[in-house]
Amino acid sequence: MIKSELVQIVAARNPHLYHRDVENIVNAVLDEITDALAAGNRVELRGFGAFSVKNRPSRSGRNPRTGDTVFVEEKWVPFFKTGKELRERLNPGAGDEEEDDN
């Protein structure tokens, strides 16, 4: 799904809102998530998951085309961990079994 499809779905479910307003709302939510991550904060959407940033330290890597050793600088990368509700919807029946302590 791309952002324009998300806007269309939200607009279809909320016919009382103008399409441009739905687009502004979606953009505002995504911008706030981006701004929070850029500030080093964690964003948690209950039932869906949590966005955070992780540090990848500098290292020496290898150019796959030439085989030469190259230096890879330190970087921060986004990380997403799914919430319990989302995992259960993706894997129905996986959590239904109860563990026996016998």
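Keep in mind it's a predicted model, so treat the numbers as computed, not measured.

Can you walk me through the sheet that holds strand β1 (residues 43–45) in this structure?
Strands pair in a sheet through their backbones, by hydrogen bonds, and they do so in one of two ways: parallel or antiparallel. Pairing is antiparallel in the open sheet, where three strands are placed in the order β1-β2-β5. The outermost strands of the open sheet, each flanked by one partner alone, are β1 and β5 (75–82). For this sheet, the mean inter-axis angle between neighbouring strands, taken without regard to orientation, is 25°. Bridging between strand β2 (residues 49–56) and β5 involves eight bridges; their strand directions are antiparallel. Looking at the pairing, Arg56 lines up with Lys75 of β5.

In this structure, what is going on with the domain arrangement of the protein chain? I would like to understand it.
When the domains of the protein chain are assigned, the result is domain 1 (1–40) and domain 2 (42–94). The straight-line distance from the C-alpha centre of domain 1 to that of domain 2 is 23 Å. Each partner contributes to the interface: domain 1 provides four residues, whereas domain 2 provides five residues. For the pair domain 1 and domain 2, the two sides together bury roughly 430 Å², of which 85% comes from carbon and sulfur. Looking at the side of domain 1 facing domain 2, the largest losses of area belong to Ile33, Leu37 and Gly40, adding up to 89% of the total buried there. On the surface where domain 1 and domain 2 come into contact, there are zero salt bridges. If you look at where domain 1 meets domain 2, you find zero residue pairs in polar contact (both at pLDDT 80 or more). Here the residues of the side of domain 1 that touches domain 2 are counted per class, giving three nonpolar, one polar and no charged.

Conventions adopted
Residues numbered from 1 in each chain as written. Predicted model: local features only at pLDDT ≥ 70, side-chain atom pairs only at ≥ 80, totals over all residues. Heavy atoms only, no water. Pairing = 2+ DSSP bridges. Helix = DSSP H or I, 4+ residues; strand = E, 2+ residues; numbered from the N terminus. Axes fitted to C-alpha atoms, helices over the stretch in contact; angles between N-to-C directions. Domains from an automatic or database assignment. Contact = heavy atoms within 4.5 Å. Buried area = accessible area lost by both parts, 1.4 Å probe. Salt bridge = Lys/Arg side-chain N within 4 Å of Asp/Glu carboxyl O. Polar contact = N/O pair within 3.5 Å; in protein donor to acceptor, adjacent residues only side chain to side chain. Nonpolar A, V, L, I, M, F, W, Y, C, P; charged D, E, K, R; others polar.

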